Amino acid sequence: MQRIRRALAELRSGEPLFLSDERDPSLILAVETLNANRLEMLKAFTEKPLRLLVTAHRARSLGYATEGDGPVALSLADTPNIEALAGLCCAGTAKNQIAPIAHLHLMDTAAIALARRARLLPCLISASIAPQYTAIVAQQVIDGELLSVPRPLLQQINAQTTEKPERISEARVPLSESEEARFVLYREPDGLGEHVAVIVGNPNEWPDAPAVRLHSACLTGDLFGSLRCDCGEQLRRGVAGIAAAGGGVLLYLDQEGRGIGLANKLRAYALQDSGYDTIDADAELGFGDDERQYEGTAAILQDLGIKQLTLFTNNPAKINALEAAGISVKGREAVLGELNHHNARYLNAKSDRAGHLLDEILIEDQPSR
Ligand SMILES: Nc1nc2c(ncn2[C@@H]2O[C@H](COP(=O)(O)OP(=O)(O)OP(=O)(O)O)[C@@H](O)[C@H]2O)c(=O)[nH]1
Ligand SMILES: [Zn+2]
């Protein structure tokens, strides 16, 4: 776990990682952190063309006929240029500069999972280390200049998401929508994610299936009242609804941008301003429709003693995810925000493409801007 945490930090700060696989020892770097020096450094260790690792979503949006969820490796010409690389990772002008497909290495899938977990663009550059440089790389690892990530460790990256968040601290926080409220903070085992359970009302007086809302963080909507989405209203109405239903929990989940992080959500917003809808924009960036995971969420509910609940949501996928994790969803209540001309396109896409139950507010299709 400690090494995975360090690997996430290295990747985010633009340091290379040494993937110490016997067959294909290589250095990887996140493309969004690339600069001319870092690119030269990678090239200095290899005699083969550099490879670009992208997700299946990104490969498909680049026009590759790939099936399944696994990543795709592209073979880069001798002198890849940073702008063209960025264009291959993120919607840009590079679609006509299609590179040939390269061989996948055993650690590629886990490496892409690591980039996702680091909430970076899931796009990595990889350099196979030429045999004459392995001793230099080994020395850098010994000197602490380079972090080595062995294959078994990297393969744990997905498995670790099933570890339970830990209860850290709590306090009474009266809210305008419910004066009787306590905030309980849970920390993910990787030490990065933090979720808050807002306990509304007195748990001893809750109904048998207490009201629960799983609210995914939305800095723009929750804090600033962004008109691009409906989150801020849903947050406040969620607390009020839970209080009116006799109490329960609003879980404020560290899942900004449907799990892709704020940096990527802002990238997706920029794409939406050039015509993509919310789902296609995420696909252009290499992400699926919804990258959120709910195993930790179910563990928090269990820690709070909740085995059955009434869910405040319009998203059937959340009901399915909780049921799959062993929590019984006895009923559903809608939590609606307000339709406006900035969020109409977003809400329509959620209804038409992601199956959200929003008929009550989607009276008519309005232009987005
Ligand atoms: N990637 C991405 N995330 C967005 C966008 N707009 C809002 N979000 C995020 O979406 C999450 C909220 O998801 P929604 O689809 O609005 O609602 P939900 O949580 O699935 O369902 P409800 O329970 O009905 O609210 C928050 O994490 C927001 O930050 C967008 O255009 N792109
Ligand atoms: Zn929002």
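What comes next concerns the included structure. For clarity, every value in this text was computed on a predicted model and none was experimentally measured.

## Concerning the sheet that holds strand β9 (residues 194–200)
Stage number 1. Taken in spatial order, the seven strands line up as β7-β8-β9-β11-β10-β12-β13 in an open sheet, and their pairing is mixed. Of all strands in the sheet, those bounded by a partner on one side alone are β7 (166–172) and β13 (328–333). Averaged over all adjacent pairs, the angle separating strand axes in this sheet is 25°, with direction ignored.
Stage number 2. In this sheet, strand β11 (residues 248–253) lies alongside strand β10 (residues 211–216) in parallel orientation, the contact comprising six bridges. Bridge pairing in β11 places L214 opposite L251.
Stage number 3. Packed onto the sheet, helix α14 (residues 316–324) meets β10, β12 (308–312) and β13 and runs at close to 165° relative to β13.

## Looking at the packing of helix α1 (residues 2–12) against helix α5 (residues 108–117)
Stage number 1. The contact between α1 and α5 brings their axes to 9 Å, and the two run at 75°. Between α1 and α5, the crossing angle belongs to the class labelled roughly perpendicular. Judged by residue contacts, I4, A7, L8 and L11 of α1 engage L114, A115 and R117 from α5.
Stage number 2. When the residues that make up the contact of α1 with α5 are grouped by side-chain class, the tally is six nonpolar, no polar and one charged.

## Here's the deal with the coordination of the zinc ion (ligand 2)
Stage number 1. Surrounding the zinc ion (ligand 2) are the protein donor atoms C218 (SG), C229 (SG) and C231 (SG), which sit 2.2 Å from the metal.
Stage number 2. For the zinc ion (ligand 2), all donor residues lie on one chain, and their spacing in sequence is C-x10-C-x1-C. Placement of C218 in the loop between β10 and α8 (219–224) and of C229 in the loop between α8 and α9 (231–244) is noted, with a sequence separation of eleven residues between them. Each member of the pair, C218 together with C229, is buried.

Reading the values: the criteria
- Residues numbered from 1 in each chain as written.
- Chains lettered and ligands numbered in written order.
- Predicted model: local features only at pLDDT ≥ 70, side-chain atom pairs only at ≥ 80, totals over all residues.
- Heavy atoms only, no water.
- Pairing = 2+ DSSP bridges.
- Helix = DSSP H or I, 4+ residues; strand = E, 2+ residues; numbered from the N terminus.
- Axes fitted to C-alpha atoms, helices over the stretch in contact; angles between N-to-C directions.
- Contact = heavy atoms within 4.5 Å.
- Parallel < 35°, antiparallel > 145°, perpendicular 65-115°, else oblique.
- Nonpolar A, V, L, I, M, F, W, Y, C, P; charged D, E, K, R; others polar.
- Donors = N, O, S within 2.8 Å, 3.2 Å for Na, K, Ca; no water.
- Buried < 20%, exposed > 50% of the residue type's maximum accessible area, 1.4 Å probe, protein only.

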